[in-house]
Amino acid sequence: MFSADRAPNRTVLVLTLGGTIAMTRTAATPGVAPTLTGSDLVGAVPGLQGTDEVTVEDFRQLPGASLATSDIVSLVERISRAIREGFVGVVVTQGTDTLEETSYLTDLHYQGAMPVVFTGAMRNAASAGADGPANLLAAVQTARSADARGAGVLVVLGDEIHAARHVRKTHTTSPGAFGSPNTGPLGHVVEGAARFHQLPKPVAPLPLPVGELPQVEIVTASLGSSGTLLKGLEGEVSGLVVAAFGVGHVPESWCSRLEALAAAMPVVLASRIGTGPILTSTYGFAGSESDLFARGLIGAGTLDPYKARLLLAALLAADTPRTEIAKAFLDRS
Ligand code: ASP
């Protein structure tokens, strides 16, 4: 820890996990692949070059799609060590494909006030208008902000500051791909400073699991689907998330299978829409939200299916009793 008479430490730890931000053309692959090191990334940022206020560590070098939940458990352990080492904040660079999930999983387990900021890039380092350097700089500036302390895990892209618990990737290619459809951004980075308009409500962290999280899968409702993917799940998965139509509806033909599954494991009802809440008591037909709750499903509130899946897995890893799982979804959405 730093004593009061020492200059405040301004050093940010940058942990790199790969992704488009670290991708460039290689002789070995037909398209771009993650090859750039953390030093390469920082070295490409006017404003960070040559500073001793950034320490870089290459943590993984993977496309976002190949990161595992065990990588994120190790990341949370590394971030916790960074607090003890006296860093002012941590920036994580990684692929945008899974950034909304990895940052949320980190947010579920991270215990500390030190700012933790995830960022990435939509355009690779070899392309015109690569957004990686500007995103990295804005993330470092946010990680240094006193206002970011205790704000939970943050995501900064395109000069917008988002809460990991609300952020979604909303476009496949646009540099403005990240948004928080339910809440809007927490703030913006303006002239090198993080300016917050709102802060997320504090929630208690969940215990960090050892190794892989319990297996939870998502089954999505779609027009005329027979629900065949709901078969044979008992014993294969520890929990299920249903990505339902609209406010929480599935085809009537799914109901008895979902009821049987809900007797065997927690089954969470989320919406495939990605914005807005699951309702609780508006519709009453077979396969409606109130029918599914009566059959034992648990509501995800405003959590989208991907975040709901991670929350359920983290709760199961902590041996959370069924009644408290439902309460945790209420408290955290
Ligand atoms: N398209 C992704 C990205 O923006 C690739 C990845 O997630 O690794 O980083």
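Please refer to the structure placed before this passage.
Report on the accompanying structure. Here the structure is a predicted model, which is why all the values come from computation and not from measurement. Within any chain, residue numbers begin from 1 and follow the written order of that chain's sequence. Where totals are concerned, whole chains, interfaces and linings use all residues; where local detail is concerned, this predicted model gives features only for residues with pLDDT of at least 70, and gives and counts side-chain atom pairs only at 80 or more. With hydrogens and water set aside, each side-chain value is computed from the structure's full complement of heavy atoms.

A few words on the sheet that holds strand E6 (residues 116-119). Pairing within the open sheet is mixed, and its eight strands lie in the order E4-E1-E5-E6-E7-E8-E11-E12. Sheet topology places strand E4 (54-62) and strand E12 (193-196) at the edges, where each strand pairs with a single neighbour. On average, adjacent strands in this sheet sit at an angle of 25 degrees to one another, irrespective of strand direction. The pairing of strand E5 (residues 89-93) with E6 spans four bridges and is classified as parallel. Within the sheet, the bridge partner assigned to Val 92 lies in E6 and is Phe 118. Those strands touched by helix H4 (residues 132-143) are strand E1 (12-18), E4, E5, E6, strand E7 (154-157), strand E8 (160-163), strand E11 (187-190) and E12, and its axis lies near 155 degrees from that of E5. When DSSP locates at least two bridges between a pair of strands, those strands are taken to pair. Secondary structure counts use DSSP, requiring at least four H or I residues in a row for a helix and at least two E residues in a row for a strand, with both numbered from the N terminus. Only the stretch in contact is used when a helix axis is fitted, and all axes are lines through C-alpha atoms; the angle between N-to-C directions ranges over 0 to 180 degrees. Should any heavy atoms of two residues lie within 4.5 Å, those residues are considered in contact.

Residues other than glycine seldom take positive phi values, yet Asp 159 does so here, at roughly 65 degrees. Positive phi values are uncommon outside glycine, yet Asp 319 reaches one of about 55 degrees. Residue placement: Asp 319 occurs in the loop between helix H7 (305-317) and helix H8 (322-331). Remark: exposure states derive from per-residue accessible area (1.4 Å probe, protein chains only) relative to the maximum for the residue type, with buried under 20%, exposed over 50%, and partly exposed in between. Looking at Asp 319, the relative accessible area reads 68%, which means it is exposed.

To continue, consider the site of the ligand. Close to the ligand lie Gly 19, Thr 20, Met 23, Pro 63, Gly 64, Gly 95, Thr 96, Asp 97 and Ala 121, which account for all nearby residues. Two N or O atoms form a polar contact when they lie within 3.5 Å of each other; inside protein one atom must be a possible hydrogen donor and the other a possible acceptor, and for residues adjacent in sequence the pair counts only when both atoms belong to side chains. The backbone of Thr 20 places a nitrogen or oxygen atom 2.8 Å from an oxygen atom of the ligand. Between Thr 96 and the ligand, the recorded distance is 2.4 Å, taken from a side-chain N or O atom to an oxygen atom. Values of accessible area rely on a 1.4 Å probe in the Shrake-Rupley scheme; residue burial ignores everything except the protein chains shown. Compared with its free state, where it exposes 260 Å², the ligand has 85% of that area covered by protein. In this classification, the charged set is Asp, Glu, Lys and Arg, the nonpolar set is Ala, Val, Leu, Ile, Met, Phe, Trp, Tyr, Cys and Pro, and all remaining amino acids, among them Gly, are polar. For the shell around the ligand, the class distribution of residues is three nonpolar, five polar and one charged. Residue proximity to a molecule or strand is established when one non-hydrogen atom of the residue lies within 4 Å of it.

Turning to the pattern of salt bridges, a few remarks are in order. Salt bridges are defined as contacts in which a side-chain nitrogen from Lys or Arg sits within 4 Å of a carboxyl oxygen from Asp or Glu. Enumeration according to the criterion identifies 13 salt bridges in this entry. Two residues, Glu 85 and Arg 78, come together in a salt bridge whose shortest N-O distance is 3.1 Å. Of the charged contacts, one joins Arg 168 and Asp 304 as a salt bridge, the two residues approaching to 3.3 Å between their closest N and O atoms. Placement of the pair is Arg 168 in strand E9 (residues 168-169) and Asp 304 in the loop between strand E16 (298-299) and H7, with a sequence separation of 136 residues. One exposure class covers both Arg 168 and Asp 304, and it is buried.

Turning to the pairing of strand E15 (residues 267-271), a few remarks are in order. For a regular strand, side-chain orientation follows a simple rule: the groups alternate between the two sheet faces. Counted residue by residue, E15 has five buried out of five residues, so it is predominantly covered. Looking at chain direction, strand E14 (residues 239-244) and E15 are connected through five bridges and run parallel. Note that in E15 the partner of Leu 240 across the bridge is Val 267. Assignment of crossover handedness uses the view with strands pointing away from the viewer, where a clockwise path from the first strand over the helix to the second indicates a right-handed crossover. As a crossover connection, the stretch from E14 through helix H5 (residues 255-264) into E15 is right-handed.

A separate point is the environment of Lys 201. If you trace the backbone, Lys 201 turns up in the loop between E12 and strand E13 (216-220). Sequence separation between Lys 201 and Arg 332 is 131 residues, and the spatial gap between their C-alpha atoms is 9.2 Å. Not counting residues up to four positions away in its chain, the partners in contact with Lys 201 are Arg 165, Asp 331 and Ser 333.

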